[in-house]
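# Topology and contacts: notes
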Amino acid sequence: MWNLVVILQSALSGLLLGGVFALLGVGFSLSWGVMKVINISHAAFGILAAYIAYWGLTLYGWDPMLSLLVSIPLLFFSGLVLHRFLIQKVTRAREIVVASMILTFGLAIVLENAMLFAWAPDERLITTAYSSRALFLGEVILKVSNLIGFGLSMAGIGGIYFFLYHTHTGKAVRATWQDPEGAALQGIPLNRVSMIAFGLAIASAGAGGVAMAYMYSFNPPAHNHWLIFLFLVVIVGGVGSVIGTAVAGLMIGLITGLSGAFLPFQWINVFLFGLLMVILLIKPEGLFRK
Amino acid sequence: MKRSTEGFWTLVVIVALSWIQAGTALAAEKPILIGGSLPLTGTFSATGKWVEKGYQFWAEEVNGKGGILGRPVKLIIYDDKSDAKEAVNLIEKAITVDKVDLLLGGYPGTACTAVMPVAEKYKMVYVSMGGHMKSFSQGYTYSFGSPPLMGEWWYLGFFQWMKTVPADQRPKRAAIFTMNNPIGVSLMDSVYKGCKDLGIEILIDEKYNLPLTTADAMIAKAKQMKTDLLFANGMFPDGVMTLRACKSLDYNPKAILQGIGSVIPEWTRELGKDGDYVFSGTSWHYKLKYPGNDKIVKVARERFKEEEPPLYFGFGYAWMQTLQQAVEGAKSLDQTKLRDWLRKNEVKTIAGNFQFDEKGLPKPFVYLTQVIRGTVELIWPPEMRSHEPVYPKPPWK
């Protein structure tokens, strides 16, 4: 049964979803690209921000978007501290990628258990007055919560792009990523630049976490599910590529959505991850990495 | 006079001494060890901890009344970290190292399924929820579901009730979306049979893998095909997504049935009014009119500040009630005697009165529930009804 409304609905829902994957993925891509640090705890910070949004809403009636005023600075600062006392030491290891994965895996477990201790493993859901509202385009609908999540994602990715391409520090981050030794010779303080990049990555995880929480229920272990999408988006988009991550997110969302219209649902993940394998075989550096 | 006073005091001393002696004897009785594992950390820990609380409350109550067969009970509950393989290792440890007298039922179904053959190997009675019909169809003779959690029976109550709805008001076209795992698949038996019996045409029957990324396409299909009965056979996260998609897409079937997610407290707490009118099933509910449920409600409210006792708190208690009645009925801890007693006698639990067949299962039953104004109400069977059903489901506001 191929029905135009179902196809359009699936495509639109998928695109909005993909935008959110992209925001969650962009910081992951940044720390992987700049520092060669694969931050397994990235999505756990997203969950932390989702909890801040949840409790802000539940206890004080704050709109989840307002909670970002708290969570983004908090997570940025946490990123700086973590970099200073943990990540920086790992970047001296011979096998940075492996060492960073082990370290941040441990960090994810600590964070998950801390959240379990604080808030129990109960499922949480962000329910605002507009959670189930929708805009109608004929028979096709746009969920307001997904639109907000998508808007937040585009703003977040745009902000990171602006920072990387139009600010002095951002350019230093890119220089460090592209040629660390050359950047050091130019007098760029590598540690400081990496620290800022890591802080930014963690802060973006927070924004991504809030955007995800508009669409999905969450509990502390949910970061393990979210992590799957992070890898998918970053590998398809190309490590370190902001635009690549954004486009890959949208693509993956679109494919996921459209697969729902054309394929039996149980084949969606098979199709999606099969596609990832093909991409890795043809272009192992990612679709958008030059 | 003096003589009678002396006699009185002698009597007092004798009585006091005999009390002390009796008390010492009871205290000195070797406790009955009851052991096993639960998921106290990891994915299933939220539920596992409620089973543990049910077990502990039962033990506390039993010990307060002098124990079983005059001996106190002592629980040995290991944490299997939500890993079925670990559950098997730990039950072996409980049997061979701790030399427990009785086994504790585990959670979830995957752990029970893995432990049931171990219980059979050691010929020890194992009372648990089991792992759906497949686990009870392996020829085990020492495993009992009291109550069991049977996906295959899940919607029995719904279809039994639906038969009482006038034929022209019943739904005609069903959409079924099922999580692609053993729990989801086990629900299908009762759906297919019930739809066939009532002449409901199944227009969509699809499975999805967890985690579900989006439910919009599913619900868009269901709406376009004008289905008026929705089976969302999933857990909480996918159930919530499906329900929100229903509301956003303004899809209004006559009834929505949600598999597992809607009978947990989070459903009403997190979804609010949007979670209303969803039907589901359960093997225990605190409003069931069986003795003991009032006590469970009281404890849940006073001790755990839970207005509605969590499902698995009741399950844990009911499994232990079964074990207790077997021991007291057989007047022995001999496992084969316990098994044979359970096979021949009826047990009375807070979930119902059960007689077991050769599989270790009671007669097929599942209570139909509906969320009404934020409360999970009992709809079927009629003698247990706590609220009139709301049908057809009111349109989304």
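## Some points on the overall build of chain A
A tally of regular secondary structure across chain A gives 11 helices and 2 strands. Across chain A, helices and strands are ordered from the amino to the carboxyl terminus as α-α-α-α-β-β-α-α-α-α-α-α-α. Out of the 290 residues in chain A, the part that is buried amounts to 53%. Taking all contacts inside chain A whose residues are at least 6 apart in sequence as the whole, residues at least 24 apart take part in 80%.

## Considerations on the overall build of chain B
When you go through chain B residue by residue, the secondary structure sums to 14 helices and 14 strands. Structurally, chain B occupies a C-alpha span of about 95 × 50 × 35 Å along its principal axes. For chain B, the proportion of its 397 residues judged to be buried stands at 52%. Taking the contacts inside chain B whose residues are at least 6 apart along the sequence as the reference set, 69% of them involve residues at least 24 apart.

## Digging into the sheet that holds strand S9 (residues 255-258) of chain B
All names here are of chain B. Pairing in this open sheet of 7 strands is mixed, and the strands run S7-S6-S8-S9-S10-S13-S14 from one edge to the other. What marks the edges here is a single partner per strand, and that holds for strand S7 (201-208) and strand S14 (375-380). The mean inter-strand angle of the sheet, taken between neighbouring strand axes irrespective of direction, is 25 degrees. Both strand S6 (residues 173-179) and S7 contribute to a ladder of 7 bridges, which runs parallel. Residue pairing for S7: Ala174 is matched across the bridge by Ile202.

## Digging into the interface of chain A and chain B
At the junction of the two partners, chain A supplies 32 residues and chain B supplies 29 residues. Mapped onto the side of chain A that touches chain B, the elements with two or more residues apiece are helix H1 (4-35), strand S2 (140-143) and helix H10 (242-262) of chain A. Across the side of chain A that touches chain B, the residue classes tally to 13 nonpolar, 15 polar and 4 charged.

## Overview of helix H13 (residues 311-330) of chain B
Residues and elements named next belong to chain B. Along its 20 residues, H13 runs 29 Å from first to last C-alpha, staying within 8% of the 28 Å computed at 1.5 Å per residue. Counting buried residues in H13 gives 18 out of 20 residues, a clear majority hidden from the surface. Once H13 ends, the next one or two residues include Lys331, with phi positive near 50 degrees.

## Focus: the nonpolar core
Counting residues in hydrophobic clusters, the biggest one holds 216 residues, and the most contacted among them are Leu24(A), Ala50(A), Ala197(A), Ala213(A) and Val233(A). The residue makeup of this core includes at least three contributed by each of domain 1 (32-150 + 289-354) and domain 2 (153-282 + 367-384) of chain B. In contact with Leu24(A), other than residues within four places in its own chain, are Ala43(A), Gly46(A), Ala205(A), Gly208(A), Met212(A), Trp226(A), Phe229(A) and Leu230(A).

## Description of unusual backbone geometry
Residues and elements named next belong to chain B. For the bond from Tyr107 to Pro108, the omega torsion is -5 degrees, close enough to zero to count as cis. Looking at the secondary structure, you find Pro108 in the loop between strand S3 (102-103) and helix H4 (109-121). The phi dihedral of Asp250 is positive, around 50 degrees, even though this residue is not glycine. Summarising the element assignment, Asp250 is placed in the loop between helix H10 (236-248) and S9. At Lys305, a position not held by glycine, the phi torsion is positive, near 55 degrees. Along the chain, Lys305 turns up in the loop between helix H12 (293-304) and H13. Classification of Lys305 by C-beta neighbours within 10 Å gives exposed; the count is 7.

## Digging into the domain arrangement of chain B
Residue and element names in this part refer to chain B. Taken domain by domain, chain B holds domain 1 (32-150 + 289-354) and domain 2 (153-282 + 367-384). Each of domain 1 and domain 2 has a C-alpha centre, and the two are 30 Å apart. Each partner contributes residues to the interface: domain 1 has 8 residues there, and domain 2 has 11 residues. Residue composition of the side of domain 1 that touches domain 2, by class: 4 nonpolar, 2 polar and 2 charged.

## Describing the environment of Leu276(A)
Residues and elements named next belong to chain A. For Leu276, the location among the structural elements is in helix H11 (residues 268-282). A tally of 15 C-beta atoms within 10 Å means that Leu276 is categorised as partly exposed. In this view, Leu276 contacts Leu232, Ile235 and Val236; residues no more than four positions away in its chain are not counted.

## Digging into helix H9 (residues 223-237) of chain A
Residues and elements named next belong to chain A. In this model, H9 (15 residues) spans 21 Å end to end at C-alpha, consistent with the 21 Å of a helix rising 1.5 Å per residue. Of all the 15 residues making up H9, 11 are buried; the element is thus mostly covered by neighbouring parts of the structure. Where H9 is buried, its residues touch H1, helix H2 (42-60), helix H4 (96-119), helix H8 (190-213), H10 and H11.

## Considering the sheet that holds strand S1 (residues 32-38) of chain B
Think of a sheet as strands paired side by side through backbone hydrogen bonds, with each pair either parallel or antiparallel. All names here are of chain B. Taken in spatial order, the 3 strands line up as S2-S1-S3 in an open sheet, and their pairing is parallel. A strand with exactly one partner marks an edge of an open sheet, and here the two such strands are strand S2 (73-79) and S3. Two elements, S1 and S3, share 2 bridges in a ladder whose sense is parallel. For Gly35, the partnering residue across the bridge sits in S3 and is Leu103. In this fold helix H3 (residues 84-96) packs onto S1, S2 and S3, with an angle of close to 170 degrees to the strand it touches most, S1.

## A word on the pairing of strand S10 (residues 278-282) of chain B
Residue and element names in this part refer to chain B. Most of S10 sits out of view: 5 of its 5 residues are buried. Pairing analysis gives 2 bridges linking S9 to S10, with the strands arranged parallel. Looking across to S10, one finds that Leu257 is bridged to Phe279. The parallel pair S9 and S10, bridged by helix H11 (residues 265-271), forms a crossover whose chirality is right-handed. Examined bridge by bridge, S10 and strand S13 (residues 367-372) share 4 bridges and lie antiparallel to one another. In the sheet register, Thr282 faces S13, and the bridge partner there is Tyr367.

## A closer look at the packing of H1(A) against helix H9 (residues 216-224) of chain B
Interhelical geometry of H1(A) versus H9(B) gives an angle of 160 degrees and a closest axis separation of 9 Å. Taken together, the axis directions place H1(A) and H9(B) in an arrangement best described as roughly antiparallel. Considering the relative orientation of H1(A) and H9(B), their crossing is right-handed. Contact residues: Val5(A), Val6(A), Gln9(A), Ser10(A) and Ser13(A) in H1(A); Asp216(B), Ala217(B), Ala220(B), Lys221(B) and Gln224(B) in H9(B). Residues belonging to the contact of H1(A) with H9(B) are distributed by class as follows: 4 nonpolar, 4 polar and 2 charged.

## Quick word on the packing of helix H5 (residues 144-166) of chain A against helix H6 (residues 168-178) of chain A
Residues and elements named next belong to chain A. Where H5 contacts H6, the axes come no closer than 5 Å and their chain directions differ by 80 degrees. Put simply, H5 runs roughly perpendicular to H6. Of the residues in H6, those in contact with Phe163, Leu164, Tyr165 and His166 of H5 are Gly170, Val173 and Arg174. A breakdown of the residues in the contact of H5 with H6 according to their chemical character gives 4 nonpolar, 2 polar and 1 charged.

Cut-offs applied
Residues numbered from 1 in each chain as written. Chains lettered and ligands numbered in written order. Predicted model: local features only at pLDDT ≥ 70, side-chain atom pairs only at ≥ 80, totals over all residues. Helix = DSSP H or I, 4+ residues; strand = E, 2+ residues; numbered from the N terminus. Buried ≥ 20, exposed ≤ 12 C-beta atoms within 10 Å, placed from the backbone. Contact = placed C-beta atoms within 7 Å. Pairing = 2+ DSSP bridges. Axes fitted to C-alpha atoms, helices over the stretch in contact; angles between N-to-C directions. Nonpolar A, V, L, I, M, F, W, Y, C, P; charged D, E, K, R; others polar. Expected span 1.5 Å × (residues − 1). Core = buried A, V, L, I, M, F, W, Y, C linked by C-beta atoms within 7 Å. Domains from an automatic or database assignment. Right-handed = clockwise from strand over helix to strand, strands pointing away. Parallel < 35°, antiparallel > 145°, perpendicular 65-115°, else oblique. Left-handed = near helix turned anticlockwise from the far one by under 90°.

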